Amino acid sequence: MSEKICVLGLGYIGLPTAALLAVNGYSVVGVDVDKEKVNALQKGEIIIDEPGLKEPLKEAIKYGKFVAKSEIEEADVFIIAVPTPLIKESKKAELKYVKSASEMIKSVIKKGNLVVLESTVPPNTCKNLIRPILEQSGLKAGNDFLIAHCPERAMPGTTMDELKNNDRVIGAINDEAYNKTKKLYSSFCKGNMYKTDLTTAECCKLMENTFRDISIAIANEYARIAETLGINVWEVIELANKHPRANILSPGPGVGGHCIAVDPWFLIGNTSAANLTKVAREINEAMPKFVFNKIEKQVENVKDATISILGVAYKADVDDVRESPAIEIIDLCKKQGFDVKVNDPYVKKIEYQLVNLEECLKNSDCAVIITNHKHYYKLTPENFKGMKNKIIIDTRNCIDRKKFENSDVKVITLGDSKNIV
Ligand code: SAJ
């Protein structure tokens, strides 16, 4: 009889993890409070557009190795993969979903059970929130049941591949918890497994992403510096990265996604030792306004300006708009009274109307490339012929300048004060 796993949270990480466990020898019950999601999965509809997810999930459903439910059940292992969003005002983690998942597990937990937290949480959440709730069952952590934290490292768009190949860090309450968690994840993951304690594992995830946020912030600061020096930041970064140990990331309109823009705040929420982390967040959070100021300048003499937003997903070639800088830029444009049209070849639905590229650019006064979807690298002056004022603000250096040199289209690239076409 295969071990029964209960995965709480069927989102970007929970569902792929459930699918991989189900096709690697486990019986998996996926639990989600979103009844629509559960019903869709029960009908075999795959609700997340993640390459490589559909096949294993359909197979698991077909052979009864995965079933979606709204209520928790007894199991041998519980995996918590629920959202941990940021509370914008306080910059603190919203842990109510982790809390309610822990309460659900408490109601069915049995001796010998293993509880694995996958969600990204502030340091000491396992110790100070999850463990006490589970021990309200009367069982003792470490003796009666086991706790581990195995943070995910998958990038939306390559999640299945990364879940199967990336190394994993396993924070565990004791050796038995580590060994059981290692066996579980090794059923589908070929990466190395590294053992540590619960809080170190929580911090490892947060520091990985905070380092990336700071790396992006310095790239954005280089873009601002380059604009004051008459140079092209993309050229200087390309040249600097020829150095064998330099790896400067790319400037952009801001940092989106539910991780890089969020995790630094989790890391520094309960410490007075942070400084650079906060400054980097402020630099990245200021980028949407920096881009908006460029838009405003280009249409300052236009009455009832129309702005075309090209790309609303938080990064290239995904359909995820969470924390996307495009949302803030659109809101700033609307507040200024501009008419805004939005195009994104991947995003299916957002609170704004999405139109095709031709419609988006028609009679527009300024086109802003926010997301570097692969489609936008192929744009030529021909694409922009329907604009009233042919101006492009390219925040991702997508535009191939050579194609625009002898055209009537003005191209302004973020961080490039050398090559205003
Ligand atoms: N960005 C830039 N310039 C860059 C790189 C990224 O402006 O040079 C922007 C992107 O446009 C996007 C944001 O930063 O708006 C975040 O994109 P990302 O590709 O850096 O990261 P995510 O959020 O898709 O995935 C990250 C990854 N973490 C690291 O690379 C350390 C992934 O491995 C994590 O699993 C994921 O966060 C997560 O879920 O934590």
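The structure we're discussing is the one just above.
Here goes a summary of the coordinates provided. (Residues numbered from 1 in each chain as written. Predicted model: local features only at pLDDT ≥ 70, side-chain atom pairs only at ≥ 80, totals over all residues. Heavy atoms only, no water.)

## Observations regarding the overall build of the protein
Note the threshold: Strands are runs of DSSP state E lasting at least 2 residues, helices are runs of H or I lasting at least 4, and numbering of each runs from the N terminus. Throughout, radius of gyration means the C-alpha value; the globule benchmark is 2.2 Å times the number of residues raised to the power 0.38. Residues count as neighbours in contact if any of their non-hydrogen atoms are within 4.5 Å of one another. Using a 1.4 Å probe, accessible areas were evaluated by the Shrake-Rupley method; residue-level cover was limited to the displayed protein chains.
A tally of regular secondary structure across the protein gives 15 helices and 15 strands. Against the globule reference of 22 Å for 421 residues, the protein gives a C-alpha radius of gyration of 24 Å, in line with a compact fold. Look at the contacts in the protein between residues 6 or more apart in sequence, and 71% of them connect residues 24 or more apart. Surface accessibility of the protein: about 19,100 Å² in total, with carbon and sulfur atoms responsible for 51%.

## Focus: the layout of surface pockets
Operational definition: A cavity, in this analysis, means grid points on a 1 Å lattice covering only the protein atoms where a 1.4 Å probe fits yet has no way out; a pocket is instead an open set bounded by protein on both sides within 12 Å along at least five of seven lines, and a residue lines either one if it has an atom within 4 Å of a point. Grid points are joined across faces, edges and corners, and a volume is the space filled by probe spheres set on the points. Residue type decides the class: Asp, Glu, Lys and Arg count as charged, Ala, Val, Leu, Ile, Met, Phe, Trp, Tyr, Cys and Pro as nonpolar, and the leftover types, Gly among them, as polar.
In this structure, the largest pocket occupies an estimated 1,400 Å³ of space. If you go around the largest pocket, you meet 42 residues; those closest to its centre are Gly11, Tyr12, Lys37, Ile48 and Arg322. Per-element tally for the lining of the largest pocket: the top contributor is helix α4 (residues 96-106), with 4 residues. Of the voids in this model, the second largest pocket is the one considered here, and its volume is about 930 Å³. Lining of the second largest pocket is provided by 35 residues; of these, Met155, Arg212, Ile216, Ile260 and Lys315 occupy positions nearest its centre. A class-by-class count of the residues in the lining of the second largest pocket yields 14 nonpolar, 13 polar and 8 charged.

## Focus: the pairing of strand β2 (residues 27-31)
We count it as follows: For every residue, the accessible area obtained with a 1.4 Å probe (protein chains only) is divided by the maximum for its type, and the residue is called buried under 20%, exposed over 50%, and partly exposed between those limits. Whether two strands pair depends on DSSP finding at least two bridges between them.
With 4 of 5 residues buried, β2 lies mostly within the body of the structure. Two strands pair when backbone bridges link them, and β2 and strand β3 (residues 66-69) are joined in this way by 4 bridges, in the parallel orientation. Looking at the pairing, valine 28 lines up with phenylalanine 66 of β3.

## Brief notes about the sheet that holds β3
How we decide: Working convention: axes come from line fits to C-alpha atoms, limited for helices to the stretch in contact. Angles between N-to-C directions cover 0 to 180 degrees.
If you walk across this open sheet you meet the 8 strands as β3-β2-β1-β4-β7-β8-β9-β10, and the pairing is mixed. The outermost strands of the open sheet, each flanked by one partner alone, are β3 and β10 (193-196). Ignoring which end each strand starts from, the neighbouring axes of this sheet average 25° apart. Docked against the sheet, α4 engages β1 (4-8), β4 (77-80) and β7 (114-117), running at close to 170° with respect to β4. Against the sheet, helix α7 (residues 175-186) touches β1, β4, β7, β8 (146-149), β9 (168-172) and β10, its axis set at about 160° to β10.

## Regarding a nonpolar patch on the surface
Test applied: By definition, no residue in a patch forms a salt bridge, and every one has over 30% relative accessible area; like charges are joined within 9 Å, nonpolar side chains (Val, Leu, Ile, Met, Phe, Trp, Tyr) within 5 Å. In the sections that follow, a salt bridge refers to a side-chain nitrogen of Lys or Arg positioned within 4 Å of a carboxyl oxygen of Asp or Glu.
On the surface, Ile218, Tyr222, Ile225, Leu229, Ile231 and Val236 cluster together into a nonpolar patch covering about 470 Å² of accessible area. Sort the elements by how many residues they give to the nonpolar patch and helix α8 (residues 198-229) lands first, with 4 residues. Residue placement: isoleucine 218 occurs in helix α8.

## A few points about α4
Rules: The directions considered for the arc run from the helix axis to the C-beta atoms.
Turning to α4, its buried residues are Val98, Ala101, Ser102 and Ile105. Looking straight down α4, one finds its buried side chains confined to an arc of 100°; they lie on one side. At its buried positions, α4 is contacted by β1, β4, β7 and α5 (125-135).

## A closer look at unusual backbone geometry
For aspartate 317, which is not glycine, the phi dihedral falls at a positive 60°. As for its position among the elements, aspartate 317 is in the loop between β11 (306-310) and α13 (325-335). Take aspartate 317: its relative accessible area is 33%, and that puts it in the partly exposed class.

## Description of the pairing of β9
Here is the rule we go by: Orient the strands so they point away from the viewer, and a crossover whose first-strand-to-second-strand path over the helix runs clockwise is right-handed.
With 5 of 5 residues buried, β9 lies mostly within the body of the structure. Of the strand pairs in this sheet, β8 and β9 are connected by 2 bridges, and their pairing is antiparallel. Within β9, the residue paired with histidine 149 across the bridge is glycine 171. Direction of pairing for β9 relative to β10: parallel, over a ladder of 4 bridges. Counted as the bridge partner of isoleucine 170 is lysine 195 from β10. After leaving β9, the chain enters α7 and then returns to the sheet as β10, a path that is right-handed.

## What to know about the state of the cysteines
Selection criterion: Disulfides are defined as pairs of cysteine sulfur atoms found within 2.5 Å of each other.
Applying the stated rule across the entire model yields 0 disulfides. With no disulfide of its own, cysteine 204 lies 8.8 Å from the sulfur of cysteine 203, the closest cysteine sulfur. The structure places no disulfide on cysteine 398, whose sulfur is separated from the nearest cysteine sulfur, that of cysteine 360, by 14 Å.

## Points about the side chain of aspartate 344
What counts here: When charges are counted, Lys and Arg contribute as positive and Asp and Glu as negative, whereas His and the chain ends are disregarded. Under the rule applied, a polar contact is a pair of N or O atoms within 3.5 Å (in protein, one hydrogen donor and one hydrogen acceptor; residues adjacent in sequence only if both atoms are side-chain atoms).
Positionally, aspartate 344 belongs in the loop between β12 (339-343) and α14 (357-361). Of the side chains with opposite charge, lysine 348 lies nearest to the buried aspartate 344, which makes no salt bridge, at 8.0 Å. Here valine 312 takes part through its backbone nitrogen, which lies 2.7 Å from a polar atom of the side chain of aspartate 344.

## Remarks on the pattern of salt bridges
Following the criterion strictly, the structure yields 30 salt bridges and no others. Here glutamate 74 ties to lysine 110 by a salt bridge, and the two come within 3.1 Å at their closest N and O atoms. Of the two residues, glutamate 74 is situated in the loop between β3 and β4 and lysine 110 in the loop between α4 and β7; the sequence distance between them amounts to 36 residues. Here glutamate 74 falls in the partly exposed class, since its relative accessible area comes to 44%. By relative accessible area, lysine 110 is classed as partly exposed at 39%. Here glutamate 103 ties to lysine 106 by a salt bridge, and the two come within 3.0 Å at their closest N and O atoms. Of the two residues, glutamate 103 and lysine 106 both sit in helix α4, 3 residues apart, roughly one turn of that helix. Using a relative accessible area of 28% as the deciding quantity, one classes glutamate 103 as partly exposed.

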